[in-house]
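Each chain is listed here by its residues.
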Amino acid sequence: NEGKELSKEEKQRLRKQKKQQKKQKERKNEKSETEKEKTPVSLLPPPRPVATQKAPSALPAPASAPIPVPASAPFHSSPAPSPADKPAKSKAELKAERRARQETDRAAKQPGSSSSGIKTKVPLSELNPVVKRLPEHVQVDDPAVVKRLAKKLERQQIPLRSDYGYKVSLFSHLHQYSRKAPLTQQLSIPSTVIHPSIVRLGLQYSQGIVAGSNARSVALLHAFKQVIRDYTTPPNEELSRDLVNKLKPYISFLNQCRPLSASMGNAIKYIKKEISNIPSQCKEEEAKTKLLTCIDRYIEEKIVLAAKAISKYAIEKISDGDVILVYGCSSLVNNILCEAFEKSRKFRVIVVDSRPRLEGREALRRLVQRGISCTYVLISALSYILPEVSKVFLGAHALLANGYVMSRVGTSQIALVARTFNVPVLVCCETYKFCEKVQTDSFVSNELDDPDDLMVTRKGKTQLENWQDVSSLGLLNLVYDVTPPDFVDLVITDLGMIPCTSVPVVLRVKNLDQ
Amino acid sequence: MGQLVNSDNRMPGADKEADLTERIEAFLADLKRGGCGTGPIRGSGETARETTALLRKVTAQARWSSAGDLMEIIRKEGRRMTAAQPSETTVGNMVLRVLKIIREEYARSRGSSEETDQQESLHKLLTSGGLSEENFRQHFVHLKANVIEAINELLTELDGTTDNIAMQALEHIHSNEVIMTVGRSRTVEAFLKDAARKRKFHVIVAECAPFCQGHEMATNLSKASIETTVIADAAIFAVMSRVNKVIIGTQTVLANGGLRAVNGTHTVALAARHHSTPLIVCAPMFKLSPQFPNEEDTFHKFVSPHEVLPFTEGEILSKVNVHCPVFDYVPPELITLFISNIGGNAPSYIYRLMSELYHPEDHDL
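The rules behind these values
- Residues numbered from 1 in each chain as written.
- Chains lettered and ligands numbered in written order.
- Predicted model: local features only at pLDDT ≥ 70, side-chain atom pairs only at ≥ 80, totals over all residues.
- Heavy atoms only, no water.
- Helix = DSSP H or I, 4+ residues; strand = E, 2+ residues; numbered from the N terminus.
- Buried < 20%, exposed > 50% of the residue type's maximum accessible area, 1.4 Å probe, protein only.
- Contact = heavy atoms within 4.5 Å.
- Areas by Shrake-Rupley, 256 points an atom, 1.4 Å probe, with all protein chains shown as cover.
- Buried area = accessible area lost by both parts, 1.4 Å probe.
- Salt bridge = Lys/Arg side-chain N within 4 Å of Asp/Glu carboxyl O.
- Polar contact = N/O pair within 3.5 Å; in protein donor to acceptor, adjacent residues only side chain to side chain.
- Pairing = 2+ DSSP bridges.
- Axes fitted to C-alpha atoms, helices over the stretch in contact; angles between N-to-C directions.
- Parallel < 35°, antiparallel > 145°, perpendicular 65-115°, else oblique.
- Left-handed = near helix turned anticlockwise from the far one by under 90°.
- Nonpolar A, V, L, I, M, F, W, Y, C, P; charged D, E, K, R; others polar.
- pLDDT = per-residue confidence, 0-100.
- 1 Å grid on protein atoms, 1.4 Å probe; cavity = no way out; pocket = protein on both sides within 12 Å on 5 of 7 lines; lining within 4 Å.
- Points joined across faces, edges and corners; volume = space filled by probe spheres on them.

Asks: I'd like a rundown of the overall build of chain B, residues and numbers included.
Replies: For chain B, the count of helices and strands is 13 helices and eleven strands. Relative to its 365 residues, chain B shows a buried fraction of 56%. Of the contacts formed within chain B by residues at least 6 apart in sequence, a portion of 80% connects residues at least 24 apart. Carbon together with sulfur atoms contributes 51% to the accessible area of chain B, which is approximately 16,100 Å² in total.

See below:
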């Protein structure tokens, strides 16, 4: 009975399989391989036992993981034999699939051996072909991408924000918005699509009321908590899938208000993962409380406790009589200085600031309130003030996988001049800001702020008042820049004090943990 | 105020003296007032011309019988003028030029050439203990006329400096270049405008806070149809990787080939060196000063800190030290080329130019 049933489908499958194998054999014979340890004869041996298991998975397998297996074995094998490897690849692929499945089965049987399962998972997943799509906000000069985004936003009923002013040609691939035209003006008043706390958050981002990567992430997480509290699962839907879909238009909206930062991206990834991992039999109330506690724990661990750990390490580096230079307003660096002051270290601080944001004034206020003695200069006076400085503490917006530090524009200048004067540069950054992007200059991926901010009125005269009318004049207001790792002496993270080049190691360890 | 009135022949003697002192006082007042925020009221070229014109008047009207007396008078006036605004070095430079002119004319009248004077100086140092035998006491009839003629030549030279420098622009700028400059320099503006007549290129101007003179420079350049972009000071290193040349002006060229330039220039120079971008300084010869950089007291000039932290930040203002330096020192190793009215020079040649312009005994007024 079974034999008969099997035979019909089985025969079909077998026939398909044989056809495939024949094709591959022909292809292989055309290319006349030498390094085939798997001879053509061995192609036929996986007839029935493999075919039964493999047939359903053979077709999706090539689609999902074309390259993983030959790459996983000798990773440094040259790419030259790879086109010839195709027939053997599929076989090796099949073998790997089998191996992986056996491993997972074994792991499932032994609850304590999760590590081995992960070990085999890592080579497959990490060496997946990097089919990363470039984010839209760095492809503004490509009309196809812009059209695609417009369609997506229309589907999600979110207004599209238009660029403002003349863009410098080097940056034509980035957006440039005006602060005077926030996205919320184009929203209809009872906006059913977007949750009101998200609308408020978007407005706060675009007006610059909430600024700084930690502040933005925390605000985002709190807004998402409110969204989750107000959420009810519609009938016939699972919370784990529907909530993620609900969050997508919110994220697009926030992205339109102001491009997401690396820390926000990591937080969103975490939330989406947590939501998808909610088992389907979990009741709604229970699921919601679970999510809320997850978010609270994330904030507590990654931001608050991390800041405490970083302060602990950093205070070891501050000695009495130090003159410390800080740039702009980094919540983490301010935290470190206040803690050090409370532990009665004697030091004084020099705050360097730059136009047009002038964030250093905020840092100055916070430090002076605590009673720390401060000096204040603009970034053009850096060469004058640096001979007095003994250490430089900088905050970071993100740490890139090739060791570059992405931070507020001007940071790279400070690191450069400090290196010339032989002053050590210490960057303080929590691990949740590490991201897998790589970048070598400040052009390809950056943010352009409102160009009108550069105008200034001195003695009643604004020189650049009519800059829009002059066709050959452009204003450039960059927000971020990247500092090369040779300017940075030490990175202080919650995992310890590491050199700049160890960022990919930390990323790998984090991936394993997850 | 400060107008060149040709009234020598019409006014009687005592009034002439009063007129001269009045003009000198007005000039000193201008210098003193020019020490605030936005820089001197007139550019350094005009200051140099005004100084030279005043010195010519002093030569013409003061009572002197020999070159030595004249040099004493000029030195006295020079000291007064430099004391009014020590950071304005062109005043002192012009005084030294005039003194050198007087020495030359005296030597020519006496019949001996200046060459031997300079070469003999080492020999003189060893034999006579360093003091010059010359005390310039001889009286020559035509000395006054010669000196005034030489000062007129100096004035014509000063008039043509900007044009001379601008004429060299096409040798240094090719088309489709990206040039960076800092703040506002009239010399660089003329330089770039001259090149823009024939070539198309792009200029990035760093605004140079807190006075933001870069804005004025950018508006002037864009009116001459040059593609200009204004960036904040903080973005200098970020955009430097796309810049082909850095062309800057300076306030003073120091004796070792270094610069005393507007603040922020040292950062630009370091960023240019990191990216191996050539740094070109457009400076006329009257900015060359025999001073060496001493970073202690006299190098830096500070202006009111309210430019940096305005009084609106009242609560913290009293608890914070605020600095607003005006100048930066740029060491000669970071500079590639000096373009002046007598051509292009490397920084290592500056000491030689200085010995041609000024006499070593005059270096300390």
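That shown, we press on.
Asks: Explain the overall build of chain A to me, and be specific about the residues and the numbers.
Replies: When helices and strands are counted, chain A shows 17 helices and 13 strands. When the 514 residues of chain A are sorted by exposure, 50% land in the buried category. Sequence separation of 24 or more characterises 78% of the internal contacts of chain A that already satisfy a separation of 6 or more. Accessible surface, chain A as shown: approximately 25,800 Å² in total, 54% of it carbon and sulfur.

Asks: Quick one: what's the story with the interface of chain B and chain A, residue by residue and with numbers?
Replies: In this assembly, 51 residues from chain B lie in contact with 49 residues from chain A. Here chain B meets chain A over a buried area of about 4,400 Å², counting both sides, of which 63% is carbon and sulfur. When residues of chain B are sorted by the area they lose upon contact with chain A, Ala234, Phe237 and Arg242 of chain B head the list and together hold 13% of the total. Run the count over chain B and chain A and you get three salt bridges. Where Glu307 of chain B meets Arg458 of chain A, a salt bridge forms, and the shortest distance between an N and an O atom there is 2.2 Å. For the pair chain B and chain A, the number of links is 20 residue pairs in polar contact (both at pLDDT 80 or more). For the side of chain B that touches chain A, the elements supplying multiple residues, two or more each, are helix H9 (213-223), strand S3 (227-231), helix H10 (236-240), helix H11 (265-274) and strand S8 (320-322) of chain B.

Asks: Can you break down the sheet that holds strand S11 (residues 343-345) of chain B residue by residue, with the values?
Replies: Read across the sheet, eight strands follow the order S10(A)-S3(B)-S2(B)-S1(B)-S4(B)-S7(B)-S10(B)-S11(B) without closing on themselves; strand pairing throughout is mixed. A single partner strand is all that each edge strand has here, and the edge strands are strand S10 (473-476) of chain A together with S11 of chain B. Averaged over neighbouring strand pairs, the angle between their axes works out to 25 degrees when direction is ignored. In the sheet, S10 of chain A pairs with S3 of chain B via four bridges, with the strands oriented parallel. Of the residues in S3 of chain B, the one forming a bridge with Leu476 of chain A is Ile231 of chain B. The strands touched by helix H8 (residues 186-196) of chain B are strand S1 (178-182), strand S2 (202-206), strand S4 (245-248), strand S7 (279-282) and strand S10 (337-340) of chain B; relative to S4 of chain B, the strand with the most contacts, the crossing angle is about 130 degrees. Those strands touched by H11 of chain B are S1, S4 and S7 of chain B, and its axis lies near 155 degrees from that of S4 of chain B.

Asks: Tell me about the sheet that holds strand S5 (residues 252-253) of chain B, residues and numbers included.
Replies: Residue and element names in this part refer to chain B. The strand order across the open sheet built from three strands is S5-S6-S9, with neighbouring strands paired in antiparallel fashion. The open sheet is flanked by S5 and strand S9 (327-330), the only strands paired with a single partner. Pairing analysis gives two bridges linking S5 to strand S6 (residues 259-262), with the strands arranged antiparallel. Looking at the pairing, Val253 lines up with Leu259 of S6.

Asks: Account for the packing of helix H8 (residues 196-207) of chain A against helix H9 (residues 213-229) of chain A, with residues named and values stated.
Replies: Residue and element names in this part refer to chain A. Taken N-terminus to C-terminus, the directions of H8 and H9 make an angle of 165 degrees; their axes are 9 Å apart at the nearest point. Of the possible angle classes, the one that applies to H8 and H9 is roughly antiparallel. Read as a crossing pair, H8 and H9 show a hand that is left-handed. Residues Ser197, Ile198, Leu201 and Tyr205 of H8 touch H9, and the partners they reach there are Arg216, Ala219, Leu220, Ala223, Phe224, Gln226 and Val227. The class makeup of the residues in the contact of H8 with H9 is eight nonpolar, two polar and one charged.

Asks: Go over the confidence of the model for chain A with me, naming the residues and quoting the values.
Replies: Here chain A averages 79 in pLDDT, and 79% of its residues register 70 or above. Taken as a whole, residues 111-125 of chain A scores under 50 in pLDDT and shows eleven contacts with residues more than four places along the chain or in a different chain.

Asks: Kindly report on unusual backbone geometry, identifying the contributing residues and their values.
Replies: Looking along the chain, the bond that leaves Arg355 of chain A and enters Pro356 of chain A is cis, with omega of -5 degrees. Inspection of the secondary structure puts Pro356 of chain A in the loop between strand S2 (347-353) and helix H14 (360-370). Backbone torsion omega between Ala209 of chain B and Pro210 of chain B reads -5 degrees, so that peptide bond is classified as cis. Considering the arrangement of structural elements, one finds Pro210 of chain B in the loop between S2 and H9. Even without being glycine, Cys212 of chain B reaches a positive phi, approximately 50 degrees. Within the secondary structure, Cys212 of chain B is located in the loop between S2 and H9. For Cys212 of chain B, a relative accessible area of 6% gives the class buried. Even without glycine at this site, Ser225 of chain B takes up a positive phi of about 55 degrees.

Asks: Before we move on, can you summarise the side chain of Thr493 of chain A with the specific residues and values?
Replies: In this structure, Thr493 of chain A sits in strand S12 (residues 490-493). Once residues within four sequence positions are removed from consideration, Thr493 of chain A is found in contact with Ile310, Tyr313, Cys429, Thr431, Phe434 and Ile498 of chain A.

Asks: Describe empty space enclosed by the protein, with residues and values.
Replies: For the structure on display, the rule yields six cavities of 30 Å³ or more. One number sums up the size of the largest cavity: a volume of about 120 Å³. Looking at the largest cavity, it is lined by 16 residues, and the ones nearest its centre are Tyr327, Ser354, Arg357, Glu359 and Arg408 of chain A. Taken as a whole, the second largest cavity encloses approximately 60 Å³ of empty space. Val253, Ala283, Pro284, Met285, Lys287, Leu288, Phe338, Ile339, Ser340, Asn345 and Ile350 of chain B are the residues that line the second largest cavity. Broken down by element, the residue count for the lining of the second largest cavity peaks at three residues, all from S10 of chain B.

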